[in-house]
Amino acid sequence: MGIGFIVSLIAIVVFTIIILGFTIPMDKKYVVRENGKINYKKTTIYLRWNVFDTLTLVLAIYTIFCVQALNMLLFRSQTIENPYVQFFTNQSQAWVIVIVGYLVSRVSITLKSIKAHWGDELDDKQ
């Protein structure tokens, strides 16, 4: 493994620890659980913008920066032997996967929360 991949893996671990540092306390403080399951009726954090959404937006901007830096390096005929190409390739792949996964889970959780809060009203109107 090249030095760029190693540095990128270290950066991923550091960013993951930071993300979990925000997520775990937020989950414990704002998510209401009953019998081990989330009570979407009592949990309102999913219906508003929160710290994790801001963190994800910053991560998306960082990913765009990584992809653009990788494109510039490749346009300058750099190869995978270049540590910067290694770094930006690994960063781009890892964070795109994380952001897409978060988007899918966020939409799913938000729809469940909407149904829990306004499900009866929406069913009555139809």
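Heads up: these notes are all about the structure in this document. Nothing here was measured: the structure is a model prediction, and the numbers come from that model. (Residues numbered from 1 in each chain as written. Predicted model: local features only at pLDDT ≥ 70, side-chain atom pairs only at ≥ 80, totals over all residues. Heavy atoms only, no water.)

Side note on the packing of aromatic side chains
Turning to step 1, where the next piece is worked out: Tallied over the entire structure, the rule returns six aromatic pairs.
Turning to step 2, where the next piece is worked out: Seen in terms of ring centroids, F15 and W95 are 5.8 Å apart; in terms of plane orientation they differ by 55°. Their pairing is tilted. Placement of F15 in helix α1 (residues 3-30) and of W95 in helix α3 (residues 83-125) is noted, with a sequence separation of 80 residues between them.
Turning to step 3, where the next piece is worked out: Among the aromatic residues, ring-to-ring pairing joins F15, Y62 and W95 into one connected group.
Turning to step 4, where the next piece is worked out: Over the aromatic face of Y30 sits the side chain of R48, whose NZ or CZ is 5.9 Å from the ring centroid. (Phe/Tyr/Trp six-rings, centres within 6.5 Å; stacked < 30°, edge-to-face > 60°. Helix = DSSP H or I, 4+ residues; strand = E, 2+ residues; numbered from the N terminus. Lys NZ or Arg CZ within 6 Å of the ring centre and 35° of its normal.)

Some words on the pattern of salt bridges
Turning to step 1, where the next piece is worked out: Scanning all chains against the criterion turns up three salt bridges.
Turning to step 2, where the next piece is worked out: For R33, the salt bridge goes to D27, with nearest N and O atoms at 2.9 Å.
Turning to step 3, where the next piece is worked out: Of the residues examined, D27 reaches a relative accessible area of 25% and is grouped as partly exposed. (Salt bridge = Lys/Arg side-chain N within 4 Å of Asp/Glu carboxyl O. Buried < 20%, exposed > 50% of the residue type's maximum accessible area, 1.4 Å probe, protein only.)

A word on the side chain of Q91
Turning to step 1, where the next piece is worked out: Take Q91: it is sitting in helix α3.
Turning to step 2, where the next piece is worked out: With relative accessibility at 0%, the residue Q91 sits in the buried group.
Turning to step 3, where the next piece is worked out: Separated by 2.8 Å, the side chains of Q91 and Y62 make a polar contact.
Turning to step 4, where the next piece is worked out: A polar side-chain atom of Q91 sits 3.1 Å from a polar atom in the side chain of W95.
Turning to step 5, where the next piece is worked out: When residues no more than four places from it in sequence are discounted, the contact partners of Q91 are S8, A11, I12, F15, Y62 and C66. (Polar contact = N/O pair within 3.5 Å; in protein donor to acceptor, adjacent residues only side chain to side chain. Contact = heavy atoms within 4.5 Å.)

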